[in-house]
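Here's the letter readout for the chains.
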Amino acid sequence: MWHSVRSVRHVGKLSKFHCRWCSCRNSVKHSAHYDVIVIGGGHAGCEAATAAARMGANTLLLTHKVHTIGEMSCNPSFGGIGKGHLMKEIDALDGVCARICDKAGIHFKILNKRKGPAVWGPRAQIDRELYRHYMQDEIMSTPNLSIKAVPVEDLIVEEQKQSNTDVIKRICKGVCTSDGTSILGHTVVITTGTFLRGEIYIGLERWAAGRHGDQPSIGLAKTLEEAGFKVGRLKTGTPARLNGKSICFERLQGHQADTAPTPFSFVNNTVQIKPEDQIPCYLTHTTPEVEKIVLENLHLNTHVKEDTNGPRYCPSIESKVLRFKHRSHQVWLEPEGLNSDVIYPQGLSCTLPEHLQRDLIRKVPGLENATLFRPGYGVEYDFIDPRQLKPSLETHLISNLYLAGQINGTTGYEEAAAQGLVAGMNAALRVQDKPSFTIGRTEGYIGVIIDDLTTQGVTEPYRMFTSRAEFRLYLRPDNADQRLTIKGFQEGCVTDHRYQMAASMATKIVTGIDLLNSMVMSTPKWCQKLNIHMSKKEKISAFDVLHHKDVTVEKLAQVYPELQHLAEDTDLSKRLKIEAHYAPVMWQVQADIEEVRKDEELILPEDLDYRSINISEEMRERLSQVRPTTIGAASRIPGVTPAAVVLLLRQVRKKIARHRKHVSMS
């Protein structure tokens, strides 16, 4: 997959926005009223719809086609470095994609194992057909969730004057569909992926489509423009699909899955596939002949011709050739299913004409006789500047309207699913008249994504990496349930079963650490009993010794038989080892987290007048556009200086003091 972005354009003014919902309202077709309406059945939409339904909201999922719900439009995999962290966090909040992957996975592997466990990347190749099948089963069997196959063309928006003010507030009240039906809803979540005014292109040909075989969403795109949202264009692409029977795998380097597959979900001890039945992936590389074909045919490539910012992540082969001349590039051949001959050539995304794609692919070792099931293609589509969103993913311009997924400028299944989960939860909470659910940067990678999007916006499609998180030693895959499950349970999004599992594990971890800390010996005795080398001479606990790279809970149990119950619990023993690994530095990490949380606790009023603050006009505009909810968020907006943050803090404190004085006098 490759991506790029055009400059953002601002279409329409708020004062010129006219609600087009009147024609829908006058239609003879009306439907029931729902609590939450979710538009789109992709990864963001599935998580949004199931999250809202789990919380008791009467939810409707609207999609173009029911049989494409849960479709994996591009790569046949989930997880990886950074993305695997998101999968664990989504699962900790009872999201569905991790459990579905454990059923549909055909090749499980933990990436980055040479580094510390904080940056390990759980990843799995997925059987496309199985994933879609299991996801649709999940969607169809979820209580409180209805599904309807019909495109959405418009939003129902009402203008309401706020009491005792001249402020006009716009509120989303539902949607209008292509068949003329108006569907009322308390809240609406838009998760349209690449469908907003989407166009597919191969070579110099282009046509309207959201993805291969699906029509785009034109009316909804126009509605968002007319509402005054800042809109831009993004591009993404996908490689050709190859016939595995035409590939000479014997010439290639095979990569096996882990012999003991690690599930994504905390509720699963094992995955569905047997370890010995997992399918390998294969690695090959591009050649100088590939580069030659690309360079000689740039005039036949719309992607290269267009004026866009170059993508940094998952670039097309054309982009890699232009940016990194005379280099060989990796091509991973990934199976698309247990009973499928389709092979996905990761690293060969291409939008050249089909005959040139075939010629290019056949210059890659092992693919000399490869045949194509389908050529690669590019998709260009609208996205909304995410700085127009609150941390709850509700829009600033229209209340009760939430956006999630690629419409916010992100890329990837995992990033979309994470946003969908948060948007769905908050849509349900709005119905229940409860405060929004947010995840801070100190609490999860989901919080990092949303904070980055809403404070900094995007200049290229946003992809999650562990390097984006300041506190990655704490935000690990292994402890996502301990960080988020209880938080989600308090909002009604997590089942009692999952909550009990997380709470039980928390108790076992604390009890296990206490037990290990109670067992103390001198360092020489530990070295003698465990056959290890340590330079320290003082007395240390078994928990301290567990920090040593060659010591495990199982090894300690050989010295202290009373630890055997810890060793027999595989998940617990792994967690205790990781806790011990980071214990020497975790006190400093926690201190840093507390400092950041202090800033996050300083809430900025929604009606704060930035024009009254003595800062530059540029910074006033940036703050007014983003409308950060906390001092911490304001400090992360590009161009807002530390001095401006201090002035902002003073303004907030003055406002709080005036409010307290008013309350005391009354």
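Residues numbered from 1 in each chain as written. Predicted model: local features only at pLDDT ≥ 70, side-chain atom pairs only at ≥ 80, totals over all residues. Heavy atoms only, no water.

1. Some remarks on the overall build of the chain
On a plain count of helices and strands, the chain comes out with 22 helices and 24 strands. Taking the principal axes of the C-alpha coordinates as reference, the chain spans close to 80 × 80 × 50 Å. Taking contacts inside the chain between residues at least 6 apart in sequence as the whole, the part at least 24 apart equals 74%. Just so you have it, the chain exposes about 28,400 Å², and 51% of that area is on carbon and sulfur atoms. Of the charged side chains in the chain, 84 are positive and 76 negative, and the gap between their average positions amounts to 4 Å. (Helix = DSSP H or I, 4+ residues; strand = E, 2+ residues; numbered from the N terminus. Contact = heavy atoms within 4.5 Å. Areas by Shrake-Rupley, 256 points an atom, 1.4 Å probe, with all protein chains shown as cover. Lys, Arg positive; Asp, Glu negative; His and termini not counted. Charge placed at Lys NZ, Arg CZ, Asp CG, Glu CD.)

2. Quick notes on the side chain of threonine 68
Mapped onto the fold, threonine 68 is located in the loop between strand E4 (59–63) and strand E5 (77–79). On the basis of relative accessibility, which here comes to 10%, the residue threonine 68 falls in the buried class. Engagement of the side chain of threonine 68 in a polar contact is seen with the side chain of arginine 211, the distance being 3.4 Å. Those residues within four positions of threonine 68 in sequence are excluded, and the remaining contacts are Gly41, Arg132, Gln136 and Arg211. (Buried < 20%, exposed > 50% of the residue type's maximum accessible area, 1.4 Å probe, protein only. Polar contact = N/O pair within 3.5 Å; in protein donor to acceptor, adjacent residues only side chain to side chain.)

3. Quick word on the pairing of strand E3 (residues 34–39)
The buried count for E3 comes to 5 of 6 residues, which makes it a mostly enclosed element. Inspection of the sheet shows E3 paired to strand E11 (residues 182–190) by 5 bridges, in the parallel sense. Across the sheet, valine 36 pairs through a bridge with threonine 187, a residue of E11. Judged from the 4 bridges that link them, E3 and E4 form a sheet pairing that is parallel. Note on E4: the bridge partner recorded for valine 38 is leucine 61. Handedness of the E3-helix H2 (residues 43–54)-E4 crossover: right-handed. (Pairing = 2+ DSSP bridges. Right-handed = clockwise from strand over helix to strand, strands pointing away.)

4. A short note on the nonpolar core
With 115 residues, the main nonpolar core has Phe78, Tyr131, Leu155 and Ile190 as its most contacted residues. Of all the elements, helix H11 (residues 413–431) adds the most residues to this core, at 11 residues. With 27 residues, the next largest nonpolar core counts Ile532, Leu546, Tyr560 and Ala580 among its residues. (Core = buried A, V, L, I, M, F, W, Y, C linked by side-chain atoms within 4.5 Å.)

5. Here we look at the packing of helix H3 (residues 83–92) against H11
Each pair of packed helices can be summarised by the angle the axes make with each other and by the distance between the axes. At a closest axis distance of 9 Å, the pairing of H3 and H11 adopts a crossing angle of 30°. Accordingly, the angle class assigned to the pair H3 and H11 is roughly parallel. When you trace H3 past H11, the crossing you get is left-handed. Across the interface between the two elements, Lys83, Leu86, Met87 and Ile90 of H3 pack against Glu414, Glu415, Ala417, Ala418 and Leu421 of H11. For the contact of H3 with H11, the residue count by class is 6 nonpolar, no polar and 3 charged. (Axes fitted to C-alpha atoms, helices over the stretch in contact; angles between N-to-C directions. Parallel < 35°, antiparallel > 145°, perpendicular 65-115°, else oblique. Left-handed = near helix turned anticlockwise from the far one by under 90°. Nonpolar A, V, L, I, M, F, W, Y, C, P; charged D, E, K, R; others polar.)

6. Let's talk about the packing of aromatic side chains
In this structure the tally under the stated criterion is 6 aromatic pairs. Between phenylalanine 108 and phenylalanine 264 the ring centres are 6.5 Å apart and the planes differ by 55°, which places this aromatic pair in the tilted class. Placement of the pair is phenylalanine 108 in strand E6 (residues 105–111) and phenylalanine 264 in the loop between strand E16 (253–255) and strand E17 (281–285), with a sequence separation of 156 residues. Here the two residues phenylalanine 108 and phenylalanine 264 agree in accessibility, since each one is buried. Of the aromatic side chains, those joined through ring pairs into one cluster are Phe78, Tyr131 and Tyr413. Taking NZ or CZ as reference, lysine 113 lies 4.7 Å from the ring centre of tryptophan 120, over its face. A cation over a ring is seen here: arginine 468 above tyrosine 462, with NZ or CZ 4.1 Å from the ring centre. (Phe/Tyr/Trp six-rings, centres within 6.5 Å; stacked < 30°, edge-to-face > 60°. Lys NZ or Arg CZ within 6 Å of the ring centre and 35° of its normal.)

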